[in-house]
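So you can see what is in the structure, the chains are spelled out below.
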Amino acid sequence: MQAHVTKKTLSEGLGLLERVIPSRSSNPLLTALKVEASERGLLLSGTNLEIDLSCVVPAEIQNPASFVVPAHLFAQIVRNLGGELVELELIGAELSVRASGSEFKLQTGDLAAYPELEFPATADATLSASELARSLSSVRYAASNEAFQAVFRGIKVEQHEGQVRVVASDGFRLALREFSAAGETRNLIIPARSADELVRVLRDGEVKLAYGDGVLGIQTERVRMNVKLLDGDFPDYERVIPQDIKLTVTLPAAALKEAVSRVAVLADKNANNRVEFQVSEGKLRLAAEGDYGRGQDTLDVEQAGSEPAMSLGFNAKYVLDALGPIEGDAEMRFSGPTSPAMFKASGDSGYLAVVVPLRV
């Protein structure tokens, strides 16, 4: 087998697989990369038993064949090659990797022992790849990193009535984004870490989804994935979204982010990075106090609602995370000093975040 491929395209493909394939494992086969050279090019495949991933790398192939090599070592060799064109040659159980005068020889693994990865041949739904990636990225920060929190470590994807809603929560905050899409009603929970890898492979165009038993199949023009889903029921998050809004504040999101970041420098790290939000007479006053002093900032805002003034305390990091996906003007909607507050873009962007205020 001989293959000629550009270093850039091969490195990009290997980069995707490197993030999935473990560098160390009690099962050495899981650290390996399977390469299938065919008329389509090089099909790179790997798994960590939570995610199966394969991607196609365009290449010129002579005498198609398949082989298995150490994934991270192979990727490191390719990255360090000089020149733009890489030549691969398989002779017996040895793979030669050549480029611009450099040559490396790798011993290949046991191809017959490598686990067979099967990907769905049909799709149950077709979505916009960019919208799905944007939605997963927008809410990812709200998913829990704590192992004991079970389904909170995942991102819920709901599809119904021409809408897809993506939701994440850790019990202290919630983020969701909606976008339009046709298809049958479905609810599933994707592990947040698997969603990170999904975002990296989604680009423009469409993504096809296949719903299996505890597994989600994903297919784009270049990549196929199987993702194991989380079991369990996601809590009824809609009941924490405030309905009785008593005060709405509108101001540029960038100005609010900058002001919160400035004031939070002096926030007490042992008191949940508390920053006070005080609204009255068209002004938003931000204040924080810690062991080394106190700081404040005042912003002009558009104020509306039945309450003339309100004061709440928030974890500064939670507020900055909630504001991250918002461009243009941001709306803060308050239902009371101890009730969850809503952060969203002014207008209908499909994104909103809910943050629980800190107790006094």
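Residues numbered from 1 in each chain as written. Predicted model: local features only at pLDDT ≥ 70, side-chain atom pairs only at ≥ 80, totals over all residues. Heavy atoms only, no water.

### Structural notes on the pattern of salt bridges
Overall, the coordinates contain 20 salt bridges when judged by the stated rule. The residue E94 makes a salt bridge to K105 at a minimum N-O spacing of 3.9 Å. With E94 in strand 8 (residues 94-99) and K105 in strand 9 (residues 102-107), this residue pair connects regions lying 11 residues apart in the sequence. Classification of K105 as partly exposed rests on a relative accessible area of 48%. Through salt bridges that share partners, E87, E89, E94, R98, E103 and K105 make up one connected network. (Salt bridge = Lys/Arg side-chain N within 4 Å of Asp/Glu carboxyl O. Helix = DSSP H or I, 4+ residues; strand = E, 2+ residues; numbered from the N terminus. Buried < 20%, exposed > 50% of the residue type's maximum accessible area, 1.4 Å probe, protein only.)

### Concerning the environment of L10
Structurally, L10 can be placed in helix 1 (residues 7-20). Its relative accessible area of 0% is what places L10 among the buried residues. As for L10 and A142, which are separated by 132 residues in sequence, their C-alpha atoms are 34 Å apart.

### As for the sheet that holds strand 21 (residues 293-300)
A sheet is described by the order of its strands in space; here 4 strands give the open sequence 21-20-19-23, paired in antiparallel fashion. Because the sheet does not close on itself, it has two edges, and the strands there are strand 21 and strand 23 (309-315). Across the sheet, the mean angle separating the axes of adjacent strands is 20° when strand polarity is ignored. Where strand 20 (residues 283-290) meets strand 21, 8 bridges bridge the pair, whose relative direction is antiparallel. Looking at strand 21, one finds that G290 is bridged to G293. The strands touched by helix 5 (residues 253-264) are strand 19 (274-280), strand 20 and strand 21; relative to strand 21, the strand with the most contacts, the crossing angle is about 165°. (Pairing = 2+ DSSP bridges. Axes fitted to C-alpha atoms, helices over the stretch in contact; angles between N-to-C directions. Contact = heavy atoms within 4.5 Å.)

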